[in-house]
Amino acid sequence: MAEKAARKQVRYERNDIDAVLKKTPVLFNRVQPVKIINVSKQGIAIFSNQALKTNNHLKLTLCFARGDSFLLDGQVVHAFNKPSNSPYDEFVELFVEGAAPPVPLPFKYGIQFEQHYSQFRDYLVESGCKNGFEVQSCDKSGWRRRFYQR
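Calculation rules
- Residues numbered from 1 in each chain as written.
- Predicted model: local features only at pLDDT ≥ 70, side-chain atom pairs only at ≥ 80, totals over all residues.
- Heavy atoms only, no water.
- Helix = DSSP H or I, 4+ residues; strand = E, 2+ residues; numbered from the N terminus.
- Buried < 20%, exposed > 50% of the residue type's maximum accessible area, 1.4 Å probe, protein only.
- Contact = heavy atoms within 4.5 Å.
- Areas by Shrake-Rupley, 256 points an atom, 1.4 Å probe, with all protein chains shown as cover.
- Salt bridge = Lys/Arg side-chain N within 4 Å of Asp/Glu carboxyl O.
- Polar contact = N/O pair within 3.5 Å; in protein donor to acceptor, adjacent residues only side chain to side chain.
- Pairing = 2+ DSSP bridges.
- Core = buried A, V, L, I, M, F, W, Y, C linked by side-chain atoms within 4.5 Å.
- Phe/Tyr/Trp six-rings, centres within 6.5 Å; stacked < 30°, edge-to-face > 60°.
- Lys NZ or Arg CZ within 6 Å of the ring centre and 35° of its normal.

What to know about the overall build of the protein chain
Okay, so step 1: Secondary structure summary: the protein chain contains one helix and eleven strands in total.
Okay, so step 2: Here the protein chain holds 150 residues, and the buried ones make up 33% of them.
Okay, so step 3: For the protein chain, restricting intrachain contacts to residue pairs at least 6 apart in sequence, the fraction spanning at least 24 positions comes to 63%.
Okay, so step 4: Summed over all atoms, the accessible surface of the protein chain reaches about 10,200 Å², with 50% contributed by carbon and sulfur.

Quick notes on the pattern of salt bridges
Okay, so step 1: Considering all chains together, one arrives at three salt bridges under this definition.
Okay, so step 2: Residues D73 and K59 are paired through a salt bridge, measuring 2.7 Å at the closest nitrogen-oxygen approach. On the criterion of sequence distance, the pair formed by D73 in strand 6 (residues 69-80) and K59 in strand 5 (residues 57-64) is long-range, its members being 14 residues apart.
Okay, so step 3: Assessed through its relative accessible area of 30%, K59 is described here as partly exposed.
Okay, so step 4: When the shortest N-O distance is used, the salt bridge between D122 and R121 registers 3.3 Å.
Okay, so step 5: Owing to a relative accessible area of 35%, D122 belongs among the partly exposed residues under this scheme.

Side note on the side chain of R14
Okay, so step 1: As for its placement among the helices and strands, R14 is situated in the loop between strand 1 (11-13) and strand 2 (17-24).
Okay, so step 2: There is a polar contact of 2.8 Å between the side chain of R14 and the backbone oxygen of L124.

Section: unusual backbone geometry
Generally, phi is negative for residues other than glycine and the peptide bonds are trans, each holding for most cases.
Okay, so step 1: A positive phi angle, close to 80 degrees, is found at N55, a residue other than glycine.
Okay, so step 2: Positionally, N55 belongs in the loop between strand 4 (43-48) and strand 5.

Thoughts on the pairing of strand 6
Okay, so step 1: When strand 5 meets strand 6, the two strands line up antiparallel, connected through seven bridges. In the strand pairing of strand 6, L58 is matched with G74.
Okay, so step 2: Linking two consecutive strands that pair antiparallel, namely strand 5 and strand 6, is a turn of four residues; a positive phi of about 105 degrees is found at G67 within it.
Okay, so step 3: One ladder, built from six bridges, connects strand 6 with strand 9 (residues 107-113); its direction is antiparallel. Residue pairing across strands places Q75 opposite Q112, the latter belonging to strand 9.

Some words on the nonpolar core
Okay, so step 1: The biggest cluster of nonpolar side chains holds 25 residues, and the ones touching the most others in it are V39, I44, L62, I111 and F120.
Okay, so step 2: In contact with I111, other than residues within four places in its own chain, are Q42, G43, I44, I46, L58, L60, G74, Q75, V76 and V77.

Brief notes about the pairing of strand 2
Okay, so step 1: Sheet topology places strand 2 next to strand 5; eight bridges connect them, and they run antiparallel. Paired with K22 across the two strands is K59, which belongs to strand 5.
Okay, so step 2: Examined bridge by bridge, strand 2 and strand 3 (residues 32-39) share three bridges and lie antiparallel to one another. Residue pairing for strand 3: A19 is matched across the bridge by V34.

A short note on the packing of aromatic side chains
Okay, so step 1: Taken as a whole and judged by the stated rule, the model has seven aromatic pairs.
Okay, so step 2: Where F113 meets F120, the ring centres are 5.6 Å apart and the plane angle is 85 degrees; that geometry is what we call edge-to-face.
Okay, so step 3: Given the relative accessible area of 6%, F113 is considered buried.
Okay, so step 4: Members of the aromatic cluster, each reached through a chain of ring pairs, are F64, F70, F113, Y117, F120 and Y123.
Okay, so step 5: Between the NZ or CZ atom of K108 and the centre of the ring of F80, over which it lies, the distance is 5.7 Å.

Read these as spatial facts, not as claims about activity.
What follows is the structure in structure tokens.
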């Protein structure tokens, strides 16, 4: 039996980042808001209202509360596109300023950044250390969460 590979990437849960995505190549040039589950220096997990397929290329814009933003190229590596009407499914809504009803986000994706963005990586860690952030790391017993603040 094959063993499940343990993730070695530290993931950060941040509530001070807004994100939007745009599929590429762009035919309609639509930007879609997304909700971040967690982020690392190599990728991001999101909820979206747009159905995407594995290997879709997209552009993500991450805007930090302090005003800095980053435009990152990514590729969908995990797609959990199985929304249903089950009451046990995770359902997320995004409240967008100026929009009356919340935007439902039924799809969940794992996106890998296509390049190593050193400025983004440094900013992600440094700004998190100043604001406090929650880290997910994995050991043999499973995921552990810790809250860090300087």
